[in-house]
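An overview of the molecular structure
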Amino acid sequence: MRALAEITVARPIDEVFDFVTDVAKMPSWMTGVRAASAIDEEMRPGARFSLDYMGGWRSNELEVVVAEFTPPTIFATQIARGPFAFEGTMTFESAAGGTRVVNSIEAGPDSLATRIAAVLLGWLLSGSMSRRLHRELETLQHSIEDDTSITA
């Protein structure tokens, strides 16, 4: 299933990109992420990090690999190890008053039940995922705009 959301953050593009790609800050804005830690020291294509992700009623340890890292415009990731398929791409562009952030994901089912639901209710689930992405971007927006460690 695919989902997409976008928002404008009232910060310069470099600051927004740096905040999003800082693994330690991911739990502050990513829905379901309870902890995050870098496996590789340098953020680059092929770099890996782990997420303690709470999806529904269960916790999962995910290993994520950076598929594309083009500062300050593209950050793409995919699941390297975990119970479900996931690819996400965030793009950044300078906009009046800040940075336009677009988050798009492609997520696969994690069980037979979600496979069946995707076939029967894909359009509904995709809309729900887009709304969830938008709420996540609003949290990101507030986290960045309220972060006093960033100088505007």
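Residues numbered from 1 in each chain as written. Predicted model: local features only at pLDDT ≥ 70, side-chain atom pairs only at ≥ 80, totals over all residues. Heavy atoms only, no water.

Residues Val20, Phe49, Phe75, Met90, Phe92, Val101 and Leu140 are the most contacted members of the largest nonpolar core, which totals 34 residues. The set of elements that each furnish at least two residues to this core consists of strand S1 (2-9), helix H1 (13-20), strand S3 (48-55), strand S4 (58-70), strand S5 (74-81), strand S6 (86-95), strand S7 (98-107) and helix H2 (112-146). With sequence-adjacent residues up to four places away left out, methionine 90 is seen in contact with Val20, Trp29, Thr73, Ile74, Phe75, Val101, Val102, Asn103, Leu137 and Leu140. (Core = buried A, V, L, I, M, F, W, Y, C linked by side-chain atoms within 4.5 Å. Buried < 20%, exposed > 50% of the residue type's maximum accessible area, 1.4 Å probe, protein only. Helix = DSSP H or I, 4+ residues; strand = E, 2+ residues; numbered from the N terminus. Contact = heavy atoms within 4.5 Å.)

Read from one edge of the open sheet, seven strands run S1-S7-S6-S5-S4-S3-S2, paired in antiparallel fashion. Looking at which strands have only one partner, the edges of the open sheet turn out to be S1 and strand S2 (33-38). Within the sheet, the average angular offset between the axes of one strand and its neighbour, ignoring direction, is 20 degrees. Sheet topology note: the S3/S4 ladder contains eight bridges and is antiparallel. Residue pairing across strands places arginine 48 opposite valine 65, the latter belonging to S4. Along the sheet face, H1 touches S1, S4, S5, S6 and S7 and points at about 160 degrees away from the line of S6. (Pairing = 2+ DSSP bridges. Axes fitted to C-alpha atoms, helices over the stretch in contact; angles between N-to-C directions.)

To continue, consider H1. Counting buried residues in H1 gives six out of eight residues, a clear majority hidden from the surface. Of all the positions in H1, only Ile13, Glu15, Val16, Phe17, Phe19 and Val20 are classed as buried.

We now examine the pattern of salt bridges. Going through the model one piece at a time under the given rule, you end up with six salt bridges. Its salt-bridge partner being arginine 48, residue glutamate 63 comes within 2.8 Å of it at the nearest N-O pair. With a gap of 15 residues between them, glutamate 63 in strand S4 and arginine 48 in strand S3 connect regions that are remote in the sequence. With a closest N to O distance of 3.5 Å, glutamate 93 and arginine 100 form a salt bridge. Given a relative accessible area of 26%, arginine 100 falls into the partly exposed group. Among the ionic contacts, a cluster of salt bridges with common partners joins Glu6, Glu93 and Arg100. (Salt bridge = Lys/Arg side-chain N within 4 Å of Asp/Glu carboxyl O.)

Turning to the packing of aromatic side chains, a few remarks are in order. Under the defined criterion, the tally for this structure stands at three aromatic pairs. For the pair phenylalanine 17 and phenylalanine 69, a centre-to-centre distance of 5.3 Å together with 50 degrees between the ring planes defines the contact as tilted. On the criterion of sequence distance, the pair formed by phenylalanine 17 in helix H1 and phenylalanine 69 in strand S4 is long-range, its members being 52 residues apart. Among the aromatic residues, those joined into a cluster by ring pairs are Phe17, Phe69, Phe75 and Phe92. (Phe/Tyr/Trp six-rings, centres within 6.5 Å; stacked < 30°, edge-to-face > 60°.)

Pairing between S4 and S5: seven bridges, direction antiparallel. When the sheet's bridge partners are listed, phenylalanine 69 is paired in S5 with phenylalanine 75. As judged from the five bridges shared by S5 and S6, these two strands associate in the antiparallel manner. In the strand pairing of S6, isoleucine 74 is matched with threonine 91. Count of turn residues in the S5/S6 antiparallel hairpin: four residues.

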